[in-house]
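# Analysis of the macromolecular model
Listed below, chain by chain, are the residues.
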Amino acid sequence: MTTTQMPDTLRRILDYSSRADPYPLYAELRRTPVARQEDGSYVVSTYRELAELLHDPHLSSDVRNLAHPMRSHEGETTPPFINLDPPEHDRLRRMAMRHFGPPHTPGLVAGMDGDLTAVVSGLIDGFAGKEQIDIVDDFAYPFPVTVICHLLGVPREDEPKFHVWVDGIVNSIDYNPKIDPKEKLEKGLQARKDLRQYLGGLLEQRHGRAGDDLLSRLANDDGPDGRMTDEEIVATANLLLIAGHETTVNLITNGMLTLLRHPEVLQRLRDDPDLVVPLVEELLRYEPPVHIIPWRAAYSDITVADTVIPRGSQIMLMLASGSRDPDRFHDPDRFDPDRRDNQHLGFGSGIHLCFGGPLARRETQIALTELVRRLDRPRLVADPPPYRRSPVLRGPIHLQVEQGTG
Amino acid sequence: MTRADTLRAFKRDGRIVIVGASLAGLRAAEALRAEGFTGSLTMIGDELGEPYDRPPLSKQVLTGWVPADGTALPRRRDINAEWLLGVPASGLDMAGNVVRLADGREVPFDRVLIATGVRARPWFVESEAALDGVFVVRTREHAEGLQRALAAGPSRVLVIGAGFTGSEIASICRERDIPVTVAELAPAPLVGALGAMIGEVAADMQRAHGVDLRCGVKVTRLEGDAQGHLRRAHFDDGSTIDADVAVVALGGIRNTDWLRDSGLAAGVWGIACDTGCRALDINGLITDDVFVAGDVARCPNPIYEYRLISLEHWANAVEQAEVAAHNMVSAQADRWPHLSIPLFWSIQFGANIKSVGVPTFADEVVVTQGSVSDRRFVAAYGYQGRVTAAVSFNNAKWLDHYRQLIETAAPFPPLCPTPDQPVDSKPVPVDFPGPALIAQGATVVVTGNAPSERRVTSLQQHHR
Ligand SMILES: Cc1cc2nc3c(=O)[nH]c(=O)nc-3n(C[C@H](O)[C@H](O)[C@H](O)COP(=O)(O)OP(=O)(O)OC[C@H]3O[C@@H](n4cnc5c(N)ncnc54)[C@H](O)[C@@H]3O)c2cc1C
Ligand code: HEM
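Residues numbered from 1 in each chain as written. Chains lettered and ligands numbered in written order. Predicted model: local features only at pLDDT ≥ 70, side-chain atom pairs only at ≥ 80, totals over all residues. Heavy atoms only, no water.

## So, the overall build of chain A
Formally: Secondary structure elements follow DSSP: runs of H or I of four or more residues count as helices, runs of E of two or more count as strands, with numbering from the N terminus. The reference for a compact globule is 2.2 Å times residues^0.38; the radius of gyration itself is calculated from the C-alpha atoms. Burial status follows relative accessibility: with a 1.4 Å probe on protein chains alone, a residue under 20% of its type maximum counts as buried, one over 50% as exposed, and anything between as partly exposed. Any two residues whose heavy atoms approach within 4.5 Å are treated as being in contact.
Each helix and strand counted, chain A has 16 helices and 10 strands in total. In terms of overall dimensions, chain A is globule-like: its C-alpha atoms have a radius of gyration of 21 Å, near the 22 Å expected for 406 residues. Here the C-alpha coordinates of chain A stretch approximately 60 × 55 × 40 Å along the principal axes. Across the 406 residues in chain A, those meeting the buried criterion constitute 59%. A separation of at least 24 residues holds for 71% of the contacts in chain A among residues at least 6 apart in sequence.

If you want it as structure tokens, here you go:
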């Protein structure tokens with residue numbers, strides 16, 4: 001079942017030309033659930049095998065366990081917990097979660113409804129008089145950024161500064177020495193350094209000063225696991241800033257795009273706002289923001305779908321393909337907000353299951369409900385819209401929408 | 001009429017009776033309606049009030065977090081049933097197709113589901129069990145009484161039996177800062193369910209939380225004062241302890257007594273059935289119209305050599321109820337087998353304990369991930385060289401992997417290292433206490449033989 005049956009399917013997926021619709025290529029990929037690539041890495045694309053691997057303790061998220069280290073993480077001495085294994089991962093995630101959700105901070109997300117709605121309403125108020133709106137620049141980007149800055153305690157005014165760094169980092173995630181220019185890597189490495197330095201600066205001012213934001217809380221924590229080191233806090237803040245930044249924007253944008261492509265569902269949502277809960281789950285399956293987890297490493301030899309993946313191999317988990325696997329989801333290419341038993345892979349699964357899932361869900365639910373309620377006869381200007389470069393964090397870079405009589 | 005016609009007519013206006021109106025009974029009723037059964041549905045239950053959930057009774061209800069009447073089971077659809085509550089069923093007439101109630105009424109059925117579960121094993125001396133301050137915990141009323149007694153600030157609570165329920169109650173006492181003594185006949189807590197090695201971990205955990213844990217001892221007598229209040233307990237080593245509350249947590253008795261003359265294969269271990277949840281009669285023959293689900297059922301599992309296994313697990317009750325309901329309204333060819341791997345969880349002393357598989361079906365156990373001293377680990381159980389179960393302490397996210405190892409009969413011990421490799425990963429004998437002890441405190445009992453060996457007649461004996 002293994003081998004290099006279609007060595008270039010992955011290459012074609014990574015190629016920018018397939019960004020608008022990679023799904024037919026995923027179907028091609030799924031014919032070989034576990035496919036070895038020429039460079040010795042493995043691509044896993046079927047739901048069953050993905051679910052299996054996401055719960056397999058022999059898989060490592062620490063890129064230092066790769067036989068061929070990933071260039072994009074060079075110079076990172078204190079990885080964020082998304083790139084660590086237990087027990088370190090568990091300890092750091094636990095310490096961060098103390099300030100972010102249950103059981104120690106249970107009401108955080110539920111308590112934010114008012115604030116979230118206020119930000120959303122303010123942004124939509126800004127559409128007044130405009131006939132054409134860019135859902136990304138005018139809405140889906142500023143919204144989660146405002147929220148994550150507020151939560152972390154990062155000044156919103158600094159956004160133009162760290163936006164450049166985050167872009168550089170995200171663009172280098174899928175750096176491939178064979179096809180990408182070296183500058184892409186260097187830009188990414190420099191951006192990582194700059195962002196760390198910036199966050200370190202903010203952290204310095206927080207020591208010994210109580211505050212409600214996450215940086216202050218982490219800097220002054222005295223929980224059962226003790227306190228994170230400054231490097232650990234910076235790595236965690238770095239992770240949250242990027243994750244809270246570059247993913248929700250795509251879910252909201254994909255959501256609006258999908259609704260405009262399915263006007264009957266848009267109308268239903270307008271009539272019945274409660275539909276938004278299963279609708280957002282279906283979006284996470286149908287048009288997820290995170291398409292690929294590119295950085296798992298085989299810590300031991302792993303057998304999956306009768307294939308032995310040797311220790312040290314790089315494993316790419318094609319989450320978005322798994323969520324479209326017909327062996328798991330009936331009629332998978334249909335957008336169906338009434339779908340039951342919707343165990344999508346949009347937030348991953350297992351110990352690295354998205355930390356910000358409850359927040360991202362709520363943000364997107366409020367965003368879509370309000371957009372649909374307040375936009376006047378919205379219409380797509382271009383379909384497909386232009387996409388961002390990244391095949392990993394995939395989404396439109398702009399989404400022009402007309403409204404009103406215009 | 002063809003068979004299909006008969007089935008269609010039954011689905012349209014047949015009569016289904018469910019005996020036992022709790023978790024399994026309610027979920028089966030909901031599933032029957034979801035399957036399109038539109039005939040008459042009768043729920044018979046000896047408890048009054050809405051069906052409710054039991055796991056919180058030894059957890060949130062005892063902390064006072066959730067009121068005892070706040071654990072009603074969520075209703076997932078209208079079941080449009082006739083409810084006959086407050087009177088127990090006292091007999092099943094398989095020839096006449098009626099359920100008899102204790103008040104003399106008779107309820108006719110075309111098909112019946114038995115989901116009468118388990119009751120708490122009472123303290124063996126009736127007069128001592130009746131003392132003020134002596135509790136068992138199985139029902140809402142029990143939990144309410146115990147919660148009130150705990151809220152009154154007792155000087156000491158004695159928990160008799162350190163299985164899951166007893167250990168959870170001891171944990172709540174410590175959380176409420178109430179002095180507690182736990183008495184267990186086995187060498188450690190949870191031993192009957194999880195074996196000696198995990199038992200030791202549980203013992204350390206209890207002591208670290210300030211429990212006065214006494215293992216290898218038997219409580220022989222509960223002593224009351226002139227007003228009938230519990231005052232003291234006596235142990236078989238001659239020692240005594242002063243306590244004003246005692247919780248008897250010695251496991252359950254399956255509610256099969258009412259079926260004594262029914263001709264079903266019902267006994268102390270439960271009611272034997274096939275994987276399709278159809279009851280066996282006393283000769284080991286499958287019945288067509290009598291189905292079983294939940295704690296009272298005893299079902300073969302192919303993964304465990306087709307042994308008949310009784311489980312007192314929430315998830316098992318739900319899954320079995322759904323399979324039973326489906327099969328009650330399906331033709332032979334469309335029936336489902338109940339084949340899932342058992343799953344159990346418990347919360348105590350700040351630890352989230354979860355297991356997959358049947359840990360009692362094992363001869364060896366090994367820690368595979370994490371650190372026992374930090375109480376974050378996974379241990380795998382093996383039987384003759386294959387993985388049969390796993391238990392996690394604060395590490396539940398990995399259990400899906402172990403479920404898959406069990407399903408595929410993966411070799412034991414699992415060899416490949418993980419990043420979170422434990423210091424000591426050598427298998428040790430699992431070491432369960434003898435059957436006499438297991439019968440007292442275990443939540444899982446592995447019994448019986450392969451179906452091909454028709455030796456089930458002895459099932460009829462009824463211990464009381
Ligand atoms: C305190 C406590 C804590 C628990 N914690 C956990 C846990 O953490 N995790 C877990 O997996 N499981 C736990 N369980 C087990 C779980 O609650 C059971 O598996 C589940 O309740 C089984 O459901 P059931 O419907 O089969 O049986 P039951 O819930 O026992 O219901 C049987 C019903 O039938 C009624 N009945 C009995 N005889 C008759 C008769 N002759 N006529 C009419 N009605 C009758 C009974 O009164 C009862 O209402 C716990 C149980 C208890 C008591
Ligand atoms: C729709 C929006 C989002 C999507 C689709 C998403 C998706 C994911 C996925 C797939 C993972 C798993 C990665 C892996 O297994 O390696 C993950 C992890 C993570 N996400 Fe998200 N995410 C979203 C929003 C957020 C937000 C808003 C935050 C922060 C507030 C966040 C924080 C994290 C963190 C910290 C992790 C690492 C968890 C760990 O390693 O334990 N995410 N996310």
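## Some points on the overall build of chain B
Condition: What sets the accessible areas is the Shrake-Rupley method with a 1.4 Å probe; for residues, cover comes only from the shown protein chains. Neither His nor the chain ends contribute to the count of charged residues, in which Lys and Arg are positive and Asp and Glu negative. Charged groups are reduced to one reference atom each: NZ for lysine, CZ for arginine, CG for aspartic acid, CD for glutamic acid.
Within chain B one finds 10 helices and 30 strands. The globule rule puts the C-alpha radius of gyration for 464 residues at 23 Å, and the 23 Å found for chain B is close to it. Each of the three principal axes of chain B carries a C-alpha extent, and together these read 70 × 65 × 40 Å. Taken across its 464 residues, chain B has 55% of its residues classed as buried. By sequence separation, contacts in chain B at least 24 residues apart represent 66% of the contacts at least 6 residues apart. For chain B, the computed accessible surface area is about 19200 Å², with 50% contributed by carbon and sulfur atoms. When the 45 positive and 54 negative side-chain charges of chain B are each reduced to one mean point, those points stand 2 Å apart.

## A short note on the site of ligand 1
Residue and element names in this part refer to chain B. Test applied: Proximity criterion: a residue is near a molecule or strand once any of its heavy atoms comes within 4 Å of it. Throughout this description, a polar contact denotes any pair of N or O atoms lying within 3.5 Å of each other; where both atoms belong to protein, one of them has to be capable of donating a hydrogen while the other can accept it, and for residues adjacent in sequence the pair is counted only when both atoms sit in side chains. Residue type decides the class: Asp, Glu, Lys and Arg count as charged, Ala, Val, Leu, Ile, Met, Phe, Trp, Tyr, Cys and Pro as nonpolar, and the leftover types, Gly among them, as polar. Note: domain ranges come from an automatic or database domain assignment.
Of all residues adjacent to ligand 1, which total 31 residues, the nearest are Asp46, Glu47, Arg54, Lys59 and Arg138. Contact distances for ligand 1 include 2.6 Å between an oxygen atom and a side-chain N or O atom of Glu47. Within the backbone of His313, one N or O atom sits 3.4 Å away from an oxygen atom of ligand 1. For ligand 1, the protein covers 95% of the area, taking 1000 Å² as the surface of the free molecule. Every element with two or more residues in the shell around ligand 1 is listed here: α2 (23-34), α8 (314-328) and β24 (343-348). Its residues assigned to classes, the shell around ligand 1 comprises 14 nonpolar, 9 polar and 8 charged. Mapped onto the domain boundaries, the shell around ligand 1 takes at least three residues apiece from domain 1 (3-54 + 73-119 + 253-334) and domain 2 (126-250).

## Examining the site of ligand 2
All names here are of chain A. The immediate surroundings of ligand 2 are formed by 28 residues, with His89, Arg93, Arg296, His352 and Cys354 found nearest. A distance of 2.6 Å is found between an oxygen atom of ligand 2 and a side-chain nitrogen or oxygen belonging to His89. Here an oxygen atom of ligand 2 and a side-chain polar atom of His352 are 2.6 Å apart. For the shell around ligand 2, the secondary structure elements donating two or more residues are α4 (88-97), α11 (230-246), α12 (248-261) and β5 (293-298).

## A closer look at the pairing of strand β12 (residues 212-215) of chain B
All names here are of chain B. The criterion, for reference: Note on pairing: DSSP must find at least two bridges between two strands before they are called paired. Seen with its strands pointing away from the viewer, a crossover is right-handed if its path from the first strand over the helix to the second goes clockwise.
As paired strands, strand β11 (residues 180-184) and β12 are joined by 4 bridges and run parallel to one another. Across the sheet, the residue bridging to Ala183 is Arg214, located in β12. Tracing the backbone out of β11, into helix α7 (residues 191-208) and back to the parallel element β12 gives a crossover that is right-handed.

## Description of the interface of chain B and chain A
Rule in force here: The term buried area refers to how much accessible surface (probe radius 1.4 Å) is lost by two components on association, counted for both of them together.
Tallying the contact residues gives 14 residues for chain B and 18 residues for chain A. It is Lys397(B), Trp398(B) and Pro419(B) in chain B that bury the most area against chain A; as a group they hold 42% of the surface buried on that side. Across the contact surface, chain B and chain A share 3 residue pairs in polar contact (both at pLDDT 80 or more). Per element, the largest residue contribution to the side of chain B that touches chain A is 4 residues, and it comes from helix α9 (residues 399-407) of chain B. The residue makeup of the side of chain B that touches chain A, split by class, is 5 nonpolar, 5 polar and 4 charged.

## Re unusual backbone geometry
All names here are of chain A. Following Pro102, the chain continues into Pro103 via a peptide bond in cis, with omega recorded as 0°. As for its placement among the helices and strands, Pro103 is situated in the loop between α4 and α5 (113-125). Of note, the amide linkage connecting Asp383 to Pro384 takes the cis form, showing an omega dihedral of 0°. Although it is not a glycine, Ala305 sits at a positive phi angle of roughly 50°. Tracing the sequence through the fold places Ala305 in the loop between β6 (302-304) and β7 (307-309).

## Here's the deal with the domain arrangement of chain B
Residues and elements named next belong to chain B. Rule in force here: Note on definitions: salt bridges are taken to be side-chain nitrogens of Lys or Arg within 4 Å of carboxyl oxygens of Asp or Glu.
When its domains are assigned, chain B resolves into domain 1 (3-54 + 73-119 + 253-334), domain 2 (126-250) and domain 3 (350-433). Here domain 1 and domain 2 have C-alpha centroids that lie 34 Å from each other. In this assembly, 10 residues from domain 1 lie in contact with 4 residues from domain 2. Summed over the three residues of domain 1 that lose the most area to domain 2, namely Tyr52, Arg54 and Val118, the buried surface amounts to 62% of that side. Summed over the shared surface of domain 1 and domain 2, the number is 1 salt bridge. Salt-bridge contacts for Arg138 lead to Asp295; the nearest nitrogen and oxygen are separated by 3.1 Å. Across the domain 1-domain 2 interface, the total number found is 6 residue pairs in polar contact (both at pLDDT 80 or more). Of the residues in the side of domain 1 that touches domain 2, the class split is 3 nonpolar, 1 polar and 6 charged.

## Focus: empty space enclosed by the protein
All names here are of chain A. As a reminder of what qualifies: Of the two site types, the cavity is a set of points on a 1 Å grid over the protein atoms alone where a 1.4 Å probe fits but cannot get out, and the pocket is an open set with protein on both sides within 12 Å along at least five of seven lines, each lined by residues with an atom within 4 Å of a point. Grid points are joined across faces, edges and corners, and a volume is the space filled by probe spheres set on the points.
Using the criterion set out here, one finds 6 cavities of 30 Å³ or more in the structure. Size it by volume and the second largest cavity reaches roughly 90 Å³. Only α3 (47-54) and β3 (59-60) provide two or more residues apiece to the lining of the second largest cavity. Classifying every residue of the lining of the second largest cavity by side-chain character gives 6 nonpolar, 4 polar and 3 charged.

## A word on the state of the cysteines
Going by this rule: Cysteine sulfur atoms that come within 2.5 Å of each other are treated as a disulfide pair.
For the structure shown, the criterion picks out 0 disulfides over all chains. With no disulfide of its own, Cys215(B) lies 16 Å from the sulfur of Cys173(B), the closest cysteine sulfur.

## Side note on the sheet that holds strand β1 (residues 15-19) of chain B
By way of backbone hydrogen bonds, the strands of a sheet pair with one another, either parallel or antiparallel. Residue and element names in this part refer to chain B. Put simply, the rule is: An axis is simply a line fitted to the C-alpha atoms; with a helix, the fit covers only the stretch in contact. Between two such axes, the angle follows the N-to-C directions and lies from 0 to 180 degrees.
If you trace the 6 strands from one edge of the open sheet to the other, you get β3-β2-β1-β7-β21-β20, paired in mixed fashion. Lying at the two open borders of the sheet, with one neighbouring strand each, are β3 (82-85) and β20 (278-280). For this sheet, the mean angle separating the axes of adjacent strands, direction not counted, is 30°. In the packing of α8 onto the sheet, the strands contacted are β1, β7 (111-114) and β21 (286-292), and the crossing angle to β7 comes to about 175°.

## Looking at the side chain of Arg394(A)
All names here are of chain A. Note on placement: Arg394 falls in the loop between β9 (379-380) and β10 (400-402). With a relative accessible area of 1%, Arg394 lands in the buried category. Here the side chain of Arg394 touches His291 through a polar contact of 3.4 Å, side chain to side chain. Aside from chain neighbours lying at most four places away, what touches Arg394 is Arg19, Ala20, Pro22, Tyr23, Asn250, Asn254, Glu287, Pro288, Pro289, His291 and Tyr387.

## Notes on the pairing of strand β26 (residues 364-371) of chain B
Residue and element names in this part refer to chain B. Summarising burial for β26: 6 of the 8 residues are buried, a large majority. One ladder, built from 7 bridges, connects β26 with strand β27 (residues 376-383); its direction is antiparallel. Within the sheet, the bridge partner assigned to Gly370 lies in β27 and is Phe377. Counting the residues in the hairpin turn of β26 and β27 gives 4 residues, including Arg375, whose phi is positive at 55°. Both β26 and strand β29 (residues 428-429) contribute to a ladder of 2 bridges, which runs antiparallel. What sits directly across from Glu364, in β29, is Pro429.

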